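# Commentary on secondary and tertiary structure
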Amino acid sequence: MPKKKAAPASNFKNFTPYKAKKNEEYMNEAQREHFRQILLSWKAELMQEVDRTVTHMKDEAANFPDPADRATQEEEFSLELRTRDRERKLIKKIDSTINLIDADDYGFCEACGVEIGIQRLEARPTATQCIDCKTLDEIKEKQQLG
């Protein structure tokens, strides 16, 4: 049975970085629209991956007489389904982030209230914490695990 290459992870990097104007208000309408478009584009890519997986699984589903071939196919499908499940959760996070934009509550740290920053949000559009609070959370998490 030929081994299928894993599909590349969806990528939201296909955008032009936002160029803030001097004395521009943080998270103004233009910035919110910039991030809305990034998120909508990313979501569309993820949805295309879901469609491709469904099509692939329908096309490739076969009842192989050889147990090893069947096991290989089942493992491949299992990996694809786990990836799609992670992407499904990410789509939910993208949707809730778009809701934050619509509610004019996007771009500020949920822990301390400071600006998260354009560059951090372009690197991770679903971020809900500034880098300092996120780093502190990760340190606390490591201490609890250790």
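Values in this document were obtained by computation on a predicted structure and should not be read as measured data.

At their nearest, the axes of helix α1 (residues 29–60) and helix α2 (residues 67–102) sit 9 Å apart, and the two run at 160° to each other. Relative to α2, the element α1 lies roughly antiparallel. Handedness of the crossing formed by α1 with α2: left-handed. In terms of residue class, the contact of α1 with α2 is made up of 15 nonpolar, four polar and eleven charged.

Here the focus is the packing of aromatic side chains. Scanning the model with the defined rule gives two aromatic pairs in all. Aromatic side chains tyrosine 26 and phenylalanine 108 sit 5.2 Å apart centroid to centroid with 85° between the ring planes, which places their arrangement in the edge-to-face category. Within this pair, whereas tyrosine 26 is found in the segment before α1, its partner phenylalanine 108 is found in the loop between α2 and α3 (118–123), the two being separated by 82 residues in sequence.

With that settled, the discussion passes to the domain arrangement of the protein chain. Parsing the protein chain into structural domains produces domain 1 (27–106) and domain 2 (107–145). The straight-line distance from the C-alpha centre of domain 1 to that of domain 2 is 24 Å. Around 910 Å² of area is buried between domain 1 and domain 2 when both sides are counted, 69% of it from carbon and sulfur atoms. For the side of domain 1 that touches domain 2, the secondary-structure elements that each account for two or more residues are α1 and α2. In terms of residue count, α1 provides more of the side of domain 1 that touches domain 2 than any other element does, six residues in total. Of the residues in the side of domain 1 that touches domain 2, the class split is seven nonpolar, three polar and two charged.

What counts and what doesn't
Residues numbered from 1 in each chain as written. Predicted model: local features only at pLDDT ≥ 70, side-chain atom pairs only at ≥ 80, totals over all residues. Heavy atoms only, no water. Axes fitted to C-alpha atoms, helices over the stretch in contact; angles between N-to-C directions. Helix = DSSP H or I, 4+ residues; strand = E, 2+ residues; numbered from the N terminus. Parallel < 35°, antiparallel > 145°, perpendicular 65-115°, else oblique. Left-handed = near helix turned anticlockwise from the far one by under 90°. Nonpolar A, V, L, I, M, F, W, Y, C, P; charged D, E, K, R; others polar. Phe/Tyr/Trp six-rings, centres within 6.5 Å; stacked < 30°, edge-to-face > 60°. Domains from an automatic or database assignment. Buried area = accessible area lost by both parts, 1.4 Å probe.

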